[in-house]
Amino acid sequence: MAEPRMERGGHTPKRVFINNTDSYASQHIAKFLSECELRPPAGPEGQTKTEDEEDREVPHQNQRAEGAFQLVGTASDPPEEDRVCVLEQYRNLSRDELLSRLMDCDVVIYNVTQHVDQVEEASWAVSALHDNISHFSGPKMFILISTVMTWACSKSVDPEDPDLPFTDEMFRRRRAHPNFKQHIELEKRVVKMGKTNKNFLTYVVASGLQYGMGEQILHYFFKTSWLGLEQEIPVFGDGNNIVPMIHINDLASVIQNVIELQPKPRYLLAVDDSNSTMEDIVKTIASALGPGEIQKKPFEEAFLVQDWSVMEIDSLLVNLRMDGVHLKAPFSVNWSCESGLVENMALVVEEYRQTRGLLPLRLCVLGPPAVGKSTVCKQICEHYGLHHITLIDTITETFAQLEKTAQNADPDADNDDSAAEAQEQLSSLKASMERNGGILDEQQLVKVLKDKLMSNPCRNQGFVLDSFPKTYEQAKELFYVEEHDSEDGTTLTYSKRITPEFVLCLDASDAFLKDRVMNLPERQVQEHNYDQEHFLRRLATYRESNMEDNTVINYFEELDISPLYLEITSSSEPDCLLLMQKIFHTVGQPRNYGPNIQEMEREQRRRAEVRMKREAMQQAEEESREAEEAGRRAARWEEWTKGLEEARQQEEELLEVQTVPMRNYLMEHVMPTLTQGLIECCTARPQDPVDFLAEFLLKNNPFNY
């Protein structure tokens, strides 16, 4: 039943439509199909290939000539520039516009495993295409990617043998979970639509829970383990339910085989060969990325996880043993994880890290004592979310963990190797410290530090190694592994998992370091053991070790790791900010999870509280300044007023003193004559009193000689 469109010209790629290309499953299926390469059409049945044709055949079953499929599809979000696997993306189309796009395609794929709102659209699409068969330019294929939840309530195959799996042929006896009734009705409609006309083939692919390539439904467990904030990873429910699963690329390979082989069965189960329980799955994830411990919780608590919808929670609690028998033959699925997630956890974890860009950052900070290494390390760890590794903390933590493991041994256990091993290692470390005056010997010190760097937290987020290694030999021992071939074929003698990517070498003049130590508070001097004699001895030892032929820096340079040399000349805040900016520019962007919505809201609330406190403090300070200024103004006004009053009184007193002689003169010589003149004027009542008074004063002037 080869399609005419495929036959025309022999090598014409098929145009494939897929819905919701920005969703997890559709995105990776589209990416997988876009990378499939076109193979020449098979010859007539029974026709033998020539030797030249056989020579031209590519042995790998998934290799093809270029351009097997042209992908188009709908999207909810604006098109992304890096989504080159989809040639055309449609947004906000009307039903008529969407039908026109579907009619242009050879294959229509509808994925309804993630978004329940797509069930109604898929039902409309298959019906609309069926109603327009007469307008087809050639045969078309409709593939529905459904979910095994349409089998969730099916009765056991054999009540006496619960281990018997469900298979594809039993699809007519399947019973859906109550929340997936719409899905099973859609499956029945799709199968029915494909029975009426040979030009319209329909398939239902019931997919197990999808995993791989960054994760979707299992992302909560991966992220919780990777972050390492929980000591135990939760398992909701009893964890004994068997979960049918399939790697997303394996599901895409199944879809590819359906398109190319057009198998006779119209209903296919897409599941891998695993029969893992939910407990096995979570425990394996926790061991690969996190603490390795799980804690069973009531399944109701799963509804508190904001990452999951009700549909996804139902899928995690399903209990089905299934076998996709139709995937065996004639299919040629290029399996990534045929044996399941648990057996292929290392591959899936690496995909998870690469897809989400969760790559560890590894740094080593070296330099003389008191140059500021620990301060720089703490700021780097805070900026990038890394682990600060110091010798003292690592040794203390190792002792605490070994003591806890040894003390918590189960007395009823038949074979508790971990407790015995922890006790033996603890005794060995204590004996070493007793022999060396409270210090571990170098071999055990390197082993303790190496175990720390190989721990899941350091392998997940990365680390900043503070002031170690100190010598060439320590570096070689710490990062050494037996010779092995790298991905590019070169032979390596060091571990890429723990060897730093960046080496920062801080330095400062001896005079600057001595001056800094002299100005440190006494508490810090005691904390870092920076008393004068000990500090000078450590500084001299560091300078001497860096004069040797083989230094730590030489070791990293031999590995083509170029150190970043940073000269410290000032302790001022602006200079420190410039130093950190240079380091951040060299190291680049963080490679871990950014803050989620809740964390962003908490950070916004924290910043708002800080801003409000700062504004309140500023307002209080402003009010205090204004009150002080008002007090000062009032005091100045009072002082000025008082001074003004005193000046006025002084002027009056001075004026009083200055006017006494004149007043006495007037009272003695002028006032008697003037008074007599005024009396005479009043008596005479002259026509011109002023002139009369003037003449009287001239005539009776007592000084008229």
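Here the structure is a predicted model, which means the values were calculated and not measured.

Enquirer: Got a sec to walk through the side chain of Gln118? Specific residues and values, please.
Expert: Residue position: Gln118 is located in helix H5 (residues 117-131). With a relative accessible area of 6%, Gln118 lands in the buried category. In terms of polar contacts, Gln118 uses its side chain to reach the side chain of Asn19, at 2.8 Å. In contact with Gln118, other than residues within four places in its own chain, are Asn19, Asn20, Tyr110, Asn111 and Val112.

Enquirer: Give a detailed account of the packing of helix H7 (residues 219-227) against helix H11 (residues 345-356), specifying residues and quantitative values.
Expert: Contact pair H7 / H11: the axes reach a minimum separation of 12 Å and the direction vectors enclose 85°. Here H11 runs roughly perpendicular to H7, going by the angle between their axes. Here His219, Phe222, Lys223 and Trp226 of H7 come into contact with H11, specifically with Met345, Val348, Val349, Tyr352 and Arg356. Here the residues of the contact of H7 with H11 are counted per class, giving six nonpolar, one polar and two charged.

Enquirer: Residue-level account of the pattern of salt bridges, with values.
Expert: Scanning all chains against the criterion turns up 22 salt bridges. When the shortest N-O distance is used, the salt bridge between Lys31 and Glu35 registers 2.8 Å. Separated by four residues within a single helix, Lys31 and Glu35 lie in helix H2 (residues 24-35), roughly one turn from each other. For Arg523, the salt bridge identified is with Glu527, shortest N-O distance 3.4 Å. With a gap of four residues between them, Arg523 and Glu527 both fall in helix H19 (residues 522-527), about one helical turn apart. With respect to burial, Arg523 and Glu527 carry one shared label: exposed. Residues participating in the shared-partner salt-bridge network are Glu628, Glu629, Arg632 and Arg636.

Enquirer: Outline the environment of Arg356, listing residues and values.
Expert: With respect to the secondary-structure elements, Arg356 resides in helix H11. In this structure, the C-alpha to C-alpha distance between Arg356 and Met213, residues 143 residues apart in sequence, is 8.4 Å. Beyond its immediate stretch of four places on either side in the chain, Arg356 contacts Gly214, Glu215, His219 and Tyr593. From its side chain, Arg356 meets the backbone oxygen of Gly214 in a polar contact 2.6 Å long.

Enquirer: Could you give an account of unusual backbone geometry, naming the residues involved and the relevant values?
Expert: One can expect most non-glycine residues to show negative phi and most peptide bonds to be in trans. Along the chain, Phe468 connects to Pro469 via a cis peptide bond; the corresponding omega equals 0°. On the secondary structure map, Pro469 appears in the loop between strand E16 (462-466) and helix H17 (472-479). Of note, the phi angle at Asn92 is positive, near 60°, even though the residue is not glycine. For Asn92, the location among the structural elements is in the loop between strand E3 (88-90) and helix H4 (95-103). Classification of Asn92 by relative accessible area gives exposed; the value is 73%. Not every positive phi belongs to a glycine, and Ala370 is a case in point at roughly 70°. In this structure, Ala370 sits in the loop between strand E14 (361-366) and helix H12 (373-384).

Enquirer: Provide a residue-level description of the sheet that holds strand E20 (residues 564-567), including the pertinent values.
Expert: Strand pairs in the sheet, formed through backbone hydrogen bonds, run parallel or antiparallel to each other. With parallel pairing, five strands are arranged side by side in an open sheet as E15-E16-E14-E19-E20. Single-partner strands in this sheet number two, and they are strand E15 (387-389) and E20. In this sheet, neighbouring strand axes are inclined to one another by 20° on average, regardless of whether the strands run parallel or antiparallel. Looking at chain direction, E14 and strand E19 (residues 502-507) are connected through four bridges and run parallel. From the neighbouring strand, Cys364 faces E19, where its bridge partner is Val503. Where H12 meets the sheet, it contacts E14, E15, E16 and E19, and its direction lies at approximately 175° from that of E16.

Enquirer: Go over the environment of Ser571, please, and point to the residues and values.
Expert: By the element assignment, Ser571 lies in the loop between E20 and helix H22 (573-587). When its relative accessible area of 46% is taken as the criterion, Ser571 is described as partly exposed. Considering only alpha carbons, one finds Ser571 and Arg516, 55 residues apart in sequence, at a separation of 8.5 Å. Engagement of the side chain of Ser571 in a polar contact is seen with the side chain of Arg516, the distance being 2.8 Å.

Enquirer: An account of H7 is needed here, citing residue identities and associated values.
Expert: An α-helix turns once per 3.6 residues; consequently, residues spaced three or four apart project the same way. With eight of nine residues buried, H7 is to be regarded as a mostly interior element. Taken together, the buried positions of H7 are His219, Tyr220, Phe221, Phe222, Lys223, Thr224, Ser225 and Trp226. Next to the buried residues of H7 lie strand E9 (233-236), helix H9 (278-289), helix H10 (310-316), H11 and helix H16 (456-460). At the C-terminal side of H7, Gly228 shows a positive phi close to 70°.

Enquirer: Outline the packing of aromatic side chains, listing residues and values.
Expert: Under the defined criterion, the tally for this structure stands at 20 aromatic pairs. Aromatic side chains Phe221 and Trp308 sit 5.4 Å apart centroid to centroid with 50° between the ring planes, which places their arrangement in the tilted category. Pair noted here: Phe221 is in helix H7 and Trp308 is in the loop between strand E12 (294-297) and H10, with a separation of 87 residues, a long-range link. Take Phe221: its relative accessible area is 2%, and that puts it in the buried class. Residue class for Trp308 comes out buried when judged on its relative accessible area of 8%. Ring plane angle 75° and centroid distance 5.7 Å describe the contact between Tyr384 and Phe584, whose orientation is recorded as edge-to-face. Of this pair, Tyr384 sits in helix H12 while Phe584 sits in helix H22, placing them 200 residues apart in sequence. These aromatic residues form a ring-pair network of at least three members: Trp151, Phe166, Phe171 and Tyr267. Note that Lys140 overlies the ring of Phe136, its terminal NZ or CZ placed 5.3 Å from the centroid.

Rules and cut-offs
- Residues numbered from 1 in each chain as written.
- Predicted model: local features only at pLDDT ≥ 70, side-chain atom pairs only at ≥ 80, totals over all residues.
- Heavy atoms only, no water.
- Helix = DSSP H or I, 4+ residues; strand = E, 2+ residues; numbered from the N terminus.
- Buried < 20%, exposed > 50% of the residue type's maximum accessible area, 1.4 Å probe, protein only.
- Polar contact = N/O pair within 3.5 Å; in protein donor to acceptor, adjacent residues only side chain to side chain.
- Contact = heavy atoms within 4.5 Å.
- Axes fitted to C-alpha atoms, helices over the stretch in contact; angles between N-to-C directions.
- Parallel < 35°, antiparallel > 145°, perpendicular 65-115°, else oblique.
- Nonpolar A, V, L, I, M, F, W, Y, C, P; charged D, E, K, R; others polar.
- Salt bridge = Lys/Arg side-chain N within 4 Å of Asp/Glu carboxyl O.
- Pairing = 2+ DSSP bridges.
- Phe/Tyr/Trp six-rings, centres within 6.5 Å; stacked < 30°, edge-to-face > 60°.
- Lys NZ or Arg CZ within 6 Å of the ring centre and 35° of its normal.

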